[in-house]
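Listed below are the residues making up each chain.
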Amino acid sequence: MREPVEKDRGRPAVRATGLVKNYDTVRALDELKIEIPAGTIHGLLGPNGAGKSTLVSALSTLISLEAGTAEVAGLDVSTHPGHVRRKIGLVGQSAALDEILGGRQNLVMFARLFGLSRRDAASRADELLAGFSLVEAGQRPVSTYSGGMRRRLDIAVGMILDPEVLFLDEPTTGLDPRGRIDVWNSVTAIAERGTTVLLTTQYLEEADALADRISIMKSGRIIAEGTPTELKRQRGGDRIEVSAATTAEARAIQTALVSTGGPEIDLNEGTGVVTCPAAGGAGDLSAVVRRLDAAGIVADDIALRRPTLDEVFLALTETEDA
Amino acid sequence: MSIIREGLILSRRDLAHWGRQPWTPIFNLLFTIMLLLVFAFIFGGSIELPGGGDYIHFLLPGMMTLAMMFGVETTMTTMANDAKKGITDRFRSMPISDASVSLGRAGADMISSTVEIIILLIGGLLLGWRATNSPLAGLLAVALLLWLRFAVLWIGICLGLTIGKHEGATVLVQVLVWPIGFLSNVFAAPEFMPNWLGAVASWNPISATATAVRELFGNPTGVTDGWLNDYSLLAAVAWPLAITAVFVPLSARAYRRLRR
Ligand SMILES: Nc1ncnc2c1ncn2[C@@H]1O[C@H](COP(=O)(O)OP(=O)(O)OP(=O)(O)O)[C@@H](O)[C@H]1O
Ligand SMILES: [Mg+2]
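Predicted model, so just to flag it, every value in this text is computed and none were measured. (Residues numbered from 1 in each chain as written. Chains lettered and ligands numbered in written order. Predicted model: local features only at pLDDT ≥ 70, side-chain atom pairs only at ≥ 80, totals over all residues. Heavy atoms only, no water.)

Asker: Explain the overall build of chain B to me, please; I cannot follow it from the model alone.
Answerer: Along chain B, the regular secondary structure elements total 10 helices and 0 strands. Tracing chain B from N to C terminus, the helices and strands come up as α-α-α-α-α-α-α-α-α-α. What you see for chain B is a C-alpha radius of gyration of 19 Å, in line with the 18 Å of a compact globule of 260 residues. For chain B, the spread of C-alpha atoms along the three principal axes comes to 60 × 35 × 35 Å. A total of 260 residues make up chain B; the buried ones form 50% of that total. (Helix = DSSP H or I, 4+ residues; strand = E, 2+ residues; numbered from the N terminus. Rg over C-alpha atoms; globule rule 2.2 N^0.38 Å. Buried < 20%, exposed > 50% of the residue type's maximum accessible area, 1.4 Å probe, protein only.)

Right, here's the structure in full:
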């Protein structure tokens, strides 16, 4: 086969447009478009069945597409799947390891399959065991590993060739907080070495903590994209929430804040929480406190709230339904 | 040839499994040996052969043939488990040849079946079975057994790749191998069966191999006339060839179809 032309150095790690994949009646990918700059961690968020795994499978050459083009590391996945496979590491949604073999045996076997000589495979395995804190468990069968260790070994296998692009499909699902943090550290370390990471997740705080940019996916489409901060800003800026013990007090608070010229003061009668925008952040907070003081009102609680990614996510995925 | 290299690496994975869990293959062997003992001692006295002969001489080649045929289930299950656990998908995401995964499976299963044949031969010798022909004929008999194993291996790979995901379908195959295995001349001579049953049993590919292996070992075949008497060797080569010719392309197609 002719060597495919590799594109310029500044090319994105992943570039896909118009991707369509149908399963029976389900449109798993619906004219999907995504671009991931090289060297970044890209978070892919979406509810169950959004098509995250389907996208990962398509980009890692596992499934055929009905329409659209996808390039990974500058290579077309449909016309040059073999070349793409040399550039990627895939860590699928379920740990793809040999449970009977030891961790080291797994690494050596996969490294040999990747074309490494016996000696290189052994030293690469030892390197990776050390890098993923699995040296002590290296000889034990994988069936005795904890979920976190299994996931780290799984990622280590994906890293054998030091791929240009690493796909991680829900790497922390089912892990305890300790295991999750271990995996997060591994992912950060991988990205620091220059590998582009596409990470799907159900956990918004995970995307928030790790990802440079986030795509929110629903029904086979990307419905929002940006840095975590950008996405949160879309949802509205910081807010101040003042809670009152009674509805009457809450009304008094609302009146006090409105009378001093604040716009969009919202009162939730049910919870007794008064919310106002706070574009000025902490400065606005002290202004509110002063106003309440002047009006002689003692509030239950006053807090500056930033929108969370959860709110962004819920808002986006809900409005699409309507 | 990278495809051979990859196949060998994958076959070695199974050998490493035996090193880690020697009990699994040992239990499989014990099961075959138990069947051998049950038929030799419990039914042996009551089963008569056309043309005479001691039952153990008739039984052992049949048991070996049956063991080869039951291999279809081992191959299918192993293949299906890898697919379920996502290991197959990982292989598919790696820069290896499409055929390597199946070749690795084939290599491992052929090695384990060779071991199985050797154990059964030893067990047979302990029970009084003897081969009376030349060593060369004996080797040819073993080759025919492995040839059958090689053929059903591709049925196993094909089934594992296609219906492996469906628990019910794999159980169905596991159940079906029994009547298919028993509807043959492995345990009893078709000539003493009801007419229609005897005809079905004679045409069973397993019967061809069993008869040819019996002849080559110099054991009683339980066949005194009919086409099987004359052409068992040819049939023992042709049946597996036909199966292989059908199921190798089907397996390749099933593997490619994982891309859907
Ligand atoms: N092999 C398949 N056969 C049939 N339908 C499929 C197949 N794979 C995925 N689908 C369907 O495609 C849609 C997208 O599935 P996908 O697994 O990509 O979602 P996901 O975002 O990864 O979900 P989850 O968070 O549950 O992993 C779903 O409706 C799913 O049922
Ligand atoms: Mg998924």
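Asker: How should the overall build of chain A be read in this particular structure?
Answerer: For chain A, the count of helices and strands is 11 helices and 14 strands. For chain A, the residues scored as buried account for 52% of the 322 residues in total. Intrachain contacts of chain A at a sequence separation of at least 6 include 69% that bridge at least 24 residues. Just so you have it, chain A exposes about 14400 Å², and 49% of that area is on carbon and sulfur atoms. Computed over 36 positive and 45 negative side-chain charges, the inter-centroid distance for chain A is 7 Å. (Contact = heavy atoms within 4.5 Å. Areas by Shrake-Rupley, 256 points an atom, 1.4 Å probe, with all protein chains shown as cover. Lys, Arg positive; Asp, Glu negative; His and termini not counted. Charge placed at Lys NZ, Arg CZ, Asp CG, Glu CD.)

Asker: Would you explain the sheet that holds strand β8 (residues 196–201) of chain A in this entry?
Answerer: In sheet architecture, strand pairing relies on hydrogen bonds along the backbone and comes in two forms, parallel and antiparallel. All names here are of chain A. Taken in spatial order, the 6 strands line up as β6-β7-β8-β3-β9-β10 in an open sheet, and their pairing is mixed. What marks the edges here is a single partner per strand, and that holds for β6 (88–91) and β10 (221–226). Looking at each pair of strands side by side, their axes are set apart by 15 degrees on average, direction ignored. Examined bridge by bridge, strand β9 (residues 213–218) and β10 share 5 bridges and lie antiparallel to one another. Along β10, the bridge assignment pairs Met217 with Ile222. (Pairing = 2+ DSSP bridges. Axes fitted to C-alpha atoms, helices over the stretch in contact; angles between N-to-C directions.)

Asker: Is there a simple way to explain the coordination of the magnesium ion (ligand 2) in this structure?
Answerer: Around a metal, the ideal angle is 109.5 degrees if four donors adopt a tetrahedral arrangement and 90 or 180 degrees if six donors adopt an octahedral arrangement. Residue and element names in this part refer to chain A. For the magnesium ion (ligand 2), the protein coordination sphere consists of Ser53 (OG) and Gln93 (OE1), at 1.9 to 2.2 Å. Pair noted here: Ser53 is in helix α1 (residues 52–59) and Gln93 is in the loop between β6 and α3 (103–113), with a separation of 40 residues, a long-range link. When its relative accessible area of 43% is taken as the criterion, Gln93 is described as partly exposed. (Donors = N, O, S within 2.8 Å, 3.2 Å for Na, K, Ca; no water.)

Asker: Quick question: what am I supposed to make of the environment of A:Leu198 here?
Answerer: Residue and element names in this part refer to chain A. One can find Leu198 in strand β8. Distance from Leu198 to Ile41, taken between C-alpha atoms, is 6.0 Å for residues 157 residues apart in sequence. Discounting chain neighbours no more than four positions away, the residues touching Leu198 are Ile36, His42, Leu44, Val56, Leu59, Leu166, Phe167 and Leu168.

Asker: Is there a simple way to think about the site of ligand 1 in this case?
Answerer: Residues and elements named next belong to chain A. Every one of the 15 residues lining ligand 1 counts as a neighbour, but Gly49, Lys52, Ser53, Thr54 and Gln202 are closest to it. Take Thr54: an N or O atom from its side chain is 2.5 Å from an oxygen atom of ligand 1. Notes on ligand 1: free accessible area 640 Å², of which the protein chains cover 67%. Looking at the shell around ligand 1 residue by residue, the classes come out as 5 nonpolar, 7 polar and 3 charged. (Near = heavy atom within 4 Å. Polar contact = N/O pair within 3.5 Å; in protein donor to acceptor, adjacent residues only side chain to side chain. Nonpolar A, V, L, I, M, F, W, Y, C, P; charged D, E, K, R; others polar.)

Asker: Help me understand the pairing of strand β2 (residues 26–36) of chain A in this model?
Answerer: On a regular strand, one side chain projects to one face of the sheet and the next to the other, so that they alternate. Residue and element names in this part refer to chain A. Pairing between strand β1 (residues 14–23) and β2: 7 bridges, direction antiparallel. Considered in β2, the bridge of Lys21 is made with Leu29. Linking two consecutive strands that pair antiparallel, namely β1 and β2, is a turn of 2 residues; a positive phi of about 50 degrees is found at Asp24 within it.

Asker: How should helix α8 (residues 195–203) of chain B be read in this particular structure?
Answerer: A turn of α-helix holds 3.6 residues, and therefore any two residues three or four places apart point the same way. All names here are of chain B. Every buried residue belonging to α8 is among Gly198, Ala201 and Ser202, and all of these are buried. The buried residues of α8 occupy one face: seen down the axis, they fall within an arc of 100 degrees. Exposed and oriented more than 90 degrees from the buried face of α8 are Trp196 and Trp203. Against the buried residues of α8 lie α9 (205–217) and α10 (227–257). (Arc of directions from axis to C-beta.)

Asker: So what exactly am I meant to see when it comes to the side chain of A:Thr61 here?
Answerer: Along the polypeptide, A:Thr61 turns up in the loop between α1 and β4 (67–72). In this structure A:Thr61 comes out as buried when scored by relative accessible area, which is 0%. Other than its neighbours up to four places away in sequence, A:Thr61 contacts A:Val77, A:Pro81, A:Val84, A:Arg85, B:Arg92 and B:Arg259.

Asker: Where do I start with the packing of aromatic side chains in this structure?
Answerer: Here the distance between the centres and the angle between the planes together describe a pair of aromatic rings. For the structure on display, the rule yields 12 aromatic pairs over all chains. Through a chain of ring-to-ring contacts, three or more aromatic side chains come together here, namely B:Phe31, B:Phe39, B:Phe70, B:Trp178, B:Phe182 and B:Phe187. Its guanidinium or amino end placed over the ring of A:Phe110, B:Arg90 lies 5.6 Å from that ring's centre, counting from NZ or CZ. (Phe/Tyr/Trp six-rings, centres within 6.5 Å; stacked < 30°, edge-to-face > 60°. Lys NZ or Arg CZ within 6 Å of the ring centre and 35° of its normal.)

Asker: Teacher, can you tell me more about α3(A) here?
Answerer: Counting buried positions along α3(A) gives 8 out of 11 residues, so the element sits mostly inside the fold. Every buried residue belonging to α3(A) is among A:Gly103, A:Asn106, A:Leu107, A:Met109, A:Phe110, A:Ala111, A:Arg112 and A:Leu113, and all of these are buried. Against α4 (118–131) and α5 (147–158) of chain A together with α1 (2–20) and α4 (87–92) of chain B lie the buried residues of α3(A). Following α3(A) by one or two positions, A:Gly115 adopts a phi angle in the positive range, close to 105 degrees.

Asker: How do you make sense of the side chain of B:Thr209 when you look at a structure like this?
Answerer: Within the element layout of this structure, B:Thr209 appears in helix α9. Setting aside its immediate chain neighbours within four residues, B:Thr209 contacts B:Thr65, B:Leu144, B:Leu145, B:Leu148 and B:Ala236.

Asker: Where do I start with the interface of chain A and chain B in this structure?
Answerer: Size of an interface, as often reported, equals the accessible area lost when the parts are brought together. Contact residues are listed per partner, giving 38 residues for chain A and 24 residues for chain B. Contact between chain A and chain B buries roughly 2800 Å² in total, counting both sides, with carbon and sulfur atoms accounting for 53%. Linking chain A with chain B are 16 residue pairs in polar contact (both at pLDDT 80 or more). Of all the secondary structure elements, the ones that give two or more residues to the side of chain A that touches chain B are β1, α2 (81–85), β6, α3 and α5 of chain A. In terms of residues, the side of chain A that touches chain B owes the most to one element, α3(A), which gives 5 residues. When the residues that make up the side of chain A that touches chain B are grouped by side-chain class, the tally is 19 nonpolar, 10 polar and 9 charged. (Buried area = accessible area lost by both parts, 1.4 Å probe.)

Asker: Quick question: what am I supposed to make of the sheet that holds β1(A) here?
Answerer: Residues and elements named next belong to chain A. Across the sheet, 4 strands lie side by side as β2-β1-β4-β5; this open sheet has antiparallel pairing. Two strands in the sheet have a free side with no partner beyond their single neighbour: β2 and β5 (75–76). Taken strand by strand, α1 contacts β1, β2 and β4, and its axis lies near 65 degrees from that of β2.

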